[in-house]
Each structure stands twice: as C-alpha cells, then as structure tokens.
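Each chain, letter by letter, is given below.
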Amino acid sequence: MSKSEEHLLLPISHPTKGAGGKTGTWRVFKPVIIEEKCIKCMMCWMYCPDAAIEVSSRQEVPRVNYDYCKGCLICYEVCPVKAIRKEREV
Amino acid sequence: MPKTILDELIEAGEYLLPGHTACPGCGSVIALRHVLKALGKDTILVIPASCSSVYQAIYPKVSINVMIYNVAFASAAAVASGISQALERKGFEDVNVVVWGGDGGLIDIGAASVSGAAERNENIFVICYDNEAYMNTGIQRSGSTPPGARTTTTPIGKIVGFKKPMAYIMLMHGVPYVATANVAYPTDLYEKVKKAKSIKGFKFIHIFTPCPPGWRFDDSKTIEVARLAVETGYWILWQAEYRHGRIHFELSPPSRPYLDASKRKPIEEFLKFQGRFSKITEESVKKLREWIEYQWSIAKRFLDMSAQK
Amino acid sequence: MAIYDVITGNDAAAWGARLSKVEVIAAYPITPQTTIVEKLAEWVEKGELNAKFIAVESEHSAMAAVIGASAAGVRAFTATSSQGLLYMIEMVSWAVGARTPVVMAIVNRALGPPWNIWSEHTDALMTRDTGWIQFWAANNQEVMDSIIQAYRVAEDKKVLLPAMVMLGGFVLSHTAMPVKIHDQNKVDQYLSPYEPPHYVLNPKISEAFAYGNILFPWDYAKVRLSIEKAMRNAVDVIKRAAKEFHEIFGIWHGDLIKEVNTDDAEIVIFALGAVAEQAEATLEVLRRNGIKVGVAKIRVFRPFPKEEIAKIADKASHVIVIDRDISFGWDGILAGEVKATLHEYKVDTPVTTKIMGIGGDDILPEHIEKAVKEVIKK
Ligand code: SF4
Ligand code: SF4
Ligand code: SF4
C-alpha cells in the first residue's frame, strides 16, 4: 500500500476456498463412499454442510474432499443404501 | 433423462465454499448453501452479528462467494432497505438484497427493523435461520427458544415464554411472500427462495436449522432432528402470498399429512435426541404440546381463509 | 439563479441537502428536526428532488439505511436531534468503520429526563469520539453552506468519513434569517456527483467481496489507524473546501475556525455554532467600552483545530470558553478540549469556562458581557 492510501485501509475480504484453513484436520471419523454400493442419489452431497462432497453431474459417484470434510457424518446418516462407511482417524 | 431439480442444484454451483468455520454438522450452512444456489451471483447478503458473521471466516478471506455486508445486530433490515433503495435510485434491477441472520438478530433485537422494512414493503429478502438461541455468544435463550429447552440463561430449562411465531407475525404485515423451511427439505427451501426471487417487494423466509453443539446432539443427526421437527408437527412448512387484500396460504407437501394431529409422531421423538431437553419436565412438555396446537390452529385459520372464494 | 429568501435553519438544512442532490434520505421524526425532513419529503413527492425518501421506524434504522445506501454508491442524507441521535449512536459509530461519507444535520437539543426540547450542545458532543467530521453552523446561511461543504469533504478520496452539521435547536432551526439559496449550476460546479473510490455494494458492477468480517487485533489496529489518518487529511481538505467555496460563492464562514477581531484582542472568546454568533454580536458594545475582545468561532470540532486555537490563545492574555453543554465531573466539553490543546502547545494563557444556556436557557448579550467583565476584574 502506498503512503497516499494509508488512510483507506479497508476491512475487505475476498472469497477463497479454504478461507478458514484446511478444516479436514478437525475430523475424527472419515466418511468413505463405497463406489459399488452407491446409487448416485446425491443425498450425501445435498446435505453436506461443508460443500465437501463434490460432483459435477448426476451420472457420477460423488467424491469427498478430505481437505475440508469435517467428519460430521451427516452423509453417512443420510445415505439410503449404506454406501458410506466411517473410519476412525485419530 | 429430463432435468430434475437435483440437476439444477448441481448446475447452480457452490457459493458456500468449503473451508468455512461453522461447527461440524451445522444446520445453518446447509440452508445457506441451498439459499445461495437459488439466489445466484447477483446477491448481496446483509449479515447482522450471528454465527454467520463468524463462519464466513476471517479477514482478508471469506468463504462465501457473493457480496457480503456485515452490519450491527439490530440494523440488518434497515441497512438492506437503504441498499435496495439506492440500487433502485441508480436504476439497477434484479439484484437480490438479502438479510441473512439468526433468530437473535431478526426475531429479537432486530425485529423492529424487520417489521419496519416489511411495513414499507421494501424490495428485500429477510431470511432467518432459526437455531433457537444465541449460539454465537454461547447458547443463551432468545425469543425463539422453545419452552423447556436448557440454555446457559435457562440452565434448568425454566419456562420463560412461548417461541415467538415470527413467520405468522410477518404474514400479518401483508407482505407479498412469507414461507417457512427446514434443512431436512432442501429442495423445498430451494424452490421457495426461487419463488421469492420472482416477487418484487418484501419476502420473509424462516428456516429451521438445528445446531448440534447448542442443542446437544451428535453432529451426524442434524437432518434427523430437523425431519422430526416436521413429523411431530413442531415445525410447520408452509408458504403464503398476499395479493389484493387476500392471503393465499398453503401447507408445503412434507407438512400436509400432519394437519391431521393423529398422524404426527409424539413430540418426545423430537425431544429425545437433544441434550437441551434431557431434563425436561412434564409441565414443559405440556407447554410445548400447547404451543404446537396453537401453531396449527393458526395454520388452519389461514387455510380456511385461503379456501374461501 | 440564486434566490434571496428569509428562511429558518431547518429549511436552510433542507436546501443544503437538495442543492447537494442527495439520492437517498432516511429519517425519523423528532422535535426540532422535523421540518427538515418534512421539506425534503415534500420535494421528493412533488418530484422536485430525485431521491428516495425512506420513512424508517427509528433513528437507529435511519442511520442504518443511509449507511446501506451510501455503501451501494449513492449520496445519502439524514437528520436528527437529541434522543434520536443517542438512539442511533451505534450506527453513528458504524458509519465511520464502514467509511460511508453520509451527511447528517443535527438540530441540537437537550437530553431527557426531564423532557426539554430546547437548545443544548451535549447531544452532538457525545458523538465526539466516533470519527465523524463535525461542523457547527453559526447562522442559517452557514447551515446550508456547511451541508454542501460537508459532502465535498466527506466524499473526498483522501477522507471518506461521514460528516455532521450542527444547528442550534430553535435559535437557528426555527428562526428565520436572510439566506442566499445558491444557483444549482454553481453548486454542481463545486460538488461533483458521488463516485465511491473504495467499494460499491453492487454485484452488477463489482466482483464479490465481504466488508467487515472478523479480523485479528493487529489488523484491526491498522484499520482504525487509517481512520485517524483520514481525519488528519480532513484538515487540509476542509481548508480547501472553504477556500473554493469562497471563490465560487463569495461567502466565507471560516475554515476550521472563523476569527473575529482576534488580532489585537486581549480576551478571546471561544464558542461553537450559534453561541459563537451571539458572542460575536456583543463585540461592538464591549469594544465601544474599550475592552479588546475577539471571538474565535470554532466551526469544525472534529478534526479539532488545535494549532489554530493555540496560536490565537497565545496572543491573548485571557481565554473564555462558553459551553452550552457539560461533561459531568469534568468541565464544559469545549473548554476541556481547549485546555488540553493549550497544555499540549505549552501556551499558558489562563482559561475560564462559562457554562450557559443549558436546556435552552437564554444566552443574552449581558450574560456574555458579564463574563468578560468578571475576567477583567480578576
Ligand atoms: S462427514 Fe460431513 S463434512 Fe464430511 S463429507 Fe460427510 S457430510 Fe460432508
Ligand atoms: S447418499 Fe449414498 S448412495 Fe446416495 S450418492 Fe451418496 S453415497 Fe451414493
Ligand atoms: S453454533 Fe450452531 S448454528 Fe452456530 S455455527 Fe455452530 S452449529 Fe452452526
């Protein structure tokens, strides 16, 4: 910042993935999607509070982004065919 | 394959970015994800002090990819009014000016500014995510806390009041659109926000968003708790439009069966998961049942009014 | 074409906003501010002023709405008084952190209880530490002109802070005086449309960003320091604004201060707004009696004209500060500021505080003359 702008230091923030850090480190249990069992209903994706399940079309099996998944296990609870298992991490 | 609402939700992309700092299992962010999908990028969120002022993350980064204006607790609906009027004065249309706040900010301290903006029919959305207490400051009771719930200011679950029926109060203002929603039904929420987007004037949406640490239940149970709120009749899903002196009120599909009280699950099913109700007294449960009856009796009145030709 | 008319201070304030082409007005009624916003609402309804008028449900919301409007890129205006100002004070402070250069007229009125609707300065002085630029108008012409100048200063890209213009309740607000209502073209020449240089809340013209989320103490301190820097920049900007105003309109109200007969004065009276005007009115009689008195009309209270005050006081043998306000347990509020300034600049001219006119109590020429004579006796 130049000297002439010092009077205008504004608390402006920019949208960034991982703005709160790699929230995957908060996890105790890790959800693992079992591809063969998945019926691509997208329930897990729909309810994930962290937008940590990624999918670009309904034809795909969703993928968990472990960098950010906090391990709440909502996905595990809502999967109608038990295609998600949980694994203890710590 | 014909395009379904699920395709639409996927194609809408994500405006809530991963790596925000809400607690695991937070109901509020599930709601926000779908609200933003419906609103799209031409949106300004006006956020009063709340969990969302914190979970958007810390300067100089933010985890929500639409414009955000953080404002003082009681001021949100008034700030939004000013923004909306300014944009109109400048000739900009189709910008969603949206207050996104909790029950504390919109049902308690900011209720006067919400009511004022509604009465003036400002072209804004006020969307309240209701986690039924002041969670951001550490679980103090609010005007939206149900009777019998333990909070840090009702440590043994003393009955103070009767959860304020804010959506009905807003409906009585005669604003163009009022709806309730619930995170267990995200497509219903998404459709309601889209509907609201098509209406000019004041829109109020009240969303039920369970809070695992505040209500003391396991992080994974957010959706189950939210669904039980509907199935026990505790939370009624409806939407209403006001047009030319008449209210058009309808129950949303998930709540329709529960107009018949005998179809509702016992309230205990909803209570049992939640630590905040673990020591609830018979008296409080009675009060809760009374409250549920009262909510339904109002809904019935509106249904009757809407049915009249 | 300019119009010469005899109007009240409140009408002058409304004209100041109108000539500044404000785009959003939000206000809540309180005596004695009401006729300002009534006038503006009337102009808006008649289509004489192309603005949005938001009749909000409280002063807190009035300030909130003008903050939102300003952040979305328009010139915004509000007005209040007394309890109304105190009710909105959370947002008054917020407008500074938001860097929204709104302008507010404050019709000074005493605080309750007991109820009192008459003039006193304590209301506006309670906002002293918020970071608003404060103009104190001495007469109705200055009310109008200060509002126009206030936008120039507030919106300057070296400043970007809100500004308030004070006018004494009833003594100015409801007292008609001759005022020159300027030609709109000249005002347009003086004050260009508001173009926010810092941020605009409008997704149609700007990428997504968030304003004001949580930051750590070290970042917060830098952000607050930048407000202090802006306030310091305001000193020169105010001087320039006053000078150019004089060039275009031929009117000089002073810049941060207006000195009257201070050059050879042994006693200098410091006062704010209409009180300073009243002090000025006593000069003739006192001078005729051989007493060398001058008046320093403090026109801008924030940023505080410390250097100028020190210089003026240094030349005099005694300073009298008239305060139409009080800080309980301390002093008159202006007097306290003056004393601290003189200490900082190592000026040892004695200072006498005179608190007068509390709750609209009359300040008559004989009161001021008596105060001067008491000082001479000592
Ligand atoms: S555990 Fe929770 S955060 Fe992780 S993917 Fe499942 S729903 Fe998302
Ligand atoms: S909820 Fe289960 S079945 Fe449905 S998409 Fe996810 S993993 Fe597959
Ligand atoms: S306290 Fe509750 S509402 Fe707030 S972020 Fe955590 S889970 Fe969400």
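Residues numbered from 1 in each chain as written. Chains lettered and ligands numbered in written order. Predicted model: local features only at pLDDT ≥ 70, side-chain atom pairs only at ≥ 80, totals over all residues. Heavy atoms only, no water.

### Things to note about unusual backbone geometry
Next, step 1: In this structure, Pro60(B) follows Tyr59(B) across a cis peptide bond, with omega equal to 5°.
Next, step 2: Residue placement: Pro60(B) occurs in the loop between α3 (51–55) and β2 (61–62).
Next, step 3: With an omega dihedral of -5°, the bond running from Pro113(C) to Pro114(C) counts as a cis peptide bond.
Next, step 4: Positionally, Pro114(C) belongs in the loop between β5 (103–108) and α6 (122–125).
Next, step 5: One non-glycine residue, Lys82(A), adopts positive backbone phi at about 55°.
Next, step 6: By secondary structure assignment, the location of Lys82(A) is in the loop between α2 (74–78) and β5 (84–88).
Next, step 7: Given the relative accessible area of 57%, Lys82(A) is considered exposed. (Helix = DSSP H or I, 4+ residues; strand = E, 2+ residues; numbered from the N terminus. Buried < 20%, exposed > 50% of the residue type's maximum accessible area, 1.4 Å probe, protein only.)

### Quick notes on the site of ligand 2
Next, step 1: Around ligand 2 there are 14 residues in total, and Cys38(A), Cys41(A), Met42(A), Cys44(A) and Cys79(A) lie nearest to it.
Next, step 2: Classifying every residue of the shell around ligand 2 gives 13 nonpolar, no polar and 1 charged. (Near = heavy atom within 4 Å. Nonpolar A, V, L, I, M, F, W, Y, C, P; charged D, E, K, R; others polar.)

### Section: the interface of chain C and chain A
Next, step 1: Chain C puts 20 residues into the contact, and the matching count from chain A is 10 residues.
Next, step 2: Summing both partners gives a buried area of about 1300 Å² for chain C against chain A, and 64% of it is carried by carbon and sulfur.
Next, step 3: Counting across the chain C and chain A interface gives 1 salt bridge.
Next, step 4: With its nearest N and O atoms 3.1 Å apart, the salt bridge here joins Lys229(C) to Glu6(A).
Next, step 5: Here the element with the most residues in the side of chain C that touches chain A is helix α9 (residues 217–249) of chain C; it accounts for 6 residues.
Next, step 6: When grouped by side-chain class, the residues that make up the side of chain C that touches chain A number 10 nonpolar, 5 polar and 5 charged.
Next, step 7: Sheet analysis places strand β1 (residues 12–15) of chain A next to strand β9 (residues 210–211) of chain C, joined by 2 bridges and oriented antiparallel. Paired with Ser13(A) across the two strands is Ala210(C), which belongs to β9(C). (Contact = heavy atoms within 4.5 Å. Buried area = accessible area lost by both parts, 1.4 Å probe. Salt bridge = Lys/Arg side-chain N within 4 Å of Asp/Glu carboxyl O. Pairing = 2+ DSSP bridges.)

### Some remarks on helix α6 (residues 111–119) of chain B
Next, step 1: Listed in full, the buried residues belonging to α6(B) are Ala111(B), Ser113(B), Val114(B), Gly116(B), Ala117(B) and Ala118(B).
Next, step 2: Looking one or two residues beyond α6(B), the residue adopting positive phi is Asn121(B), at roughly 50°.

### Thoughts on a nonpolar patch on the surface
Next, step 1: Together, Val54(B), Ile58(B), Ile214(C), Phe216(C) and Trp218(C) make up an exposed nonpolar region whose accessible area comes to about 440 Å².
Next, step 2: Note that Val54(B) resides in helix α3.
Next, step 3: Residue classification places Val54(B) among the partly exposed positions, given a relative accessible area of 32%. (Patch = residues over 30% accessible without salt bridge, like charges linked within 9 Å, V, L, I, M, F, W, Y side chains within 5 Å. Areas by Shrake-Rupley, 256 points an atom, 1.4 Å probe, with all protein chains shown as cover.)

### A short note on the confidence of the model for chain B
Next, step 1: Of all residues in chain B, 99% have pLDDT values of 70 or greater, and the mean over the chain is 96.
Next, step 2: Taken together, the chains of this predicted complex give a pTM of 0.97 and an interface ipTM of 0.97. (pLDDT = per-residue confidence, 0-100.)

### So, the packing of aromatic side chains
Next, step 1: Tallied over the full model, the rule gives 25 aromatic pairs over all chains.
Next, step 2: Taken together, a centroid distance of 6.0 Å and an interplanar angle of 65° make the contact between Phe208(B) and Tyr234(B) edge-to-face. Of this pair, Phe208(B) sits in strand β7 (residues 203–208) while Tyr234(B) sits in the loop between α10 (222–231) and β8 (238–243), and the two are 26 residues apart along the sequence.
Next, step 3: Here the aromatic rings of Tyr199(C) and Tyr211(C) are separated by 4.5 Å at their centres, their planes lie at 25°, and the arrangement is stacked. Residue Tyr199(C) is located in the loop between α8 (184–190) and β9, and its partner Tyr211(C) is located in strand β9; the two are separated by 12 residues in the primary sequence. Of the two residues, Tyr199(C) and Tyr211(C), both sit in the buried class.
Next, step 4: Between Arg152(C) and the ring centre of Tyr190(C), over which it is positioned, the NZ or CZ distance is 4.5 Å. (Phe/Tyr/Trp six-rings, centres within 6.5 Å; stacked < 30°, edge-to-face > 60°. Lys NZ or Arg CZ within 6 Å of the ring centre and 35° of its normal.)

### Examining the environment of Ala77(B)
Residue and element names in this part refer to chain B.
Next, step 1: Tracing the backbone shows Ala77 in helix α4 (residues 76–89).
Next, step 2: Separated by 33 residues in the primary sequence, Ala77 and Gly110 place their C-alpha atoms 7.7 Å from one another.
Next, step 3: Beyond its immediate sequence surroundings of up to four residues, Ala77 is in contact with Val99, Ser113, Val114, Ala117, Ile124 and Val126.

### Quick word on the pattern of salt bridges
Next, step 1: Counted by the stated rule, this structure contains 52 salt bridges over all chains.
Next, step 2: A salt bridge links Lys222(C) to Asp219(C), with the shortest nitrogen-to-oxygen separation between them at 3.9 Å. Remark: Asp219(C) and Lys222(C) occur in helix α9; sequence separation between them is 3 residues, near one turn of the helix.
Next, step 3: The network of salt bridges with common partners includes Asp130(B), Glu132(B), Lys163(B) and Arg276(B).

### Focus: the pairing of strand β15 (residues 351–355) of chain C
All names here are of chain C.
Next, step 1: Note that strand β14 (residues 318–323) and β15 share 5 bridges and pair parallel. Each bridged residue has a counterpart across the sheet, and for Ile320 the counterpart in β15 is Thr352.
Next, step 2: Running through helix α12 (residues 333–344), the crossover from β14 to the neighbouring parallel element β15 is right-handed. (Right-handed = clockwise from strand over helix to strand, strands pointing away.)

### Focus on the nonpolar core
Next, step 1: Counting 252 residues, the largest nonpolar core has Tyr69(B), Trp100(B), Met63(C) and Phe77(C) as its most contacted members.
Next, step 2: Considering every element that reaches this core, the biggest residue donor is α9(C), with 9 residues.
Next, step 3: Split by domain, this core shows at least three residues from each of two domains, domain 1 (3–249) and domain 2 (257–377) of chain C.
Next, step 4: When neighbours within four sequence positions are excluded, Met63(C) is seen to be in contact with Thr78(C), Met88(C), Met91(C), Val92(C), Ala95(C), Val102(C), Met104(C) and Trp132(C).
Next, step 5: With 20 residues, the next largest nonpolar core counts Ala279(C), Leu286(C), Val293(C) and Ala371(C) among its residues. (Core = buried A, V, L, I, M, F, W, Y, C linked by side-chain atoms within 4.5 Å. Domains from an automatic or database assignment.)

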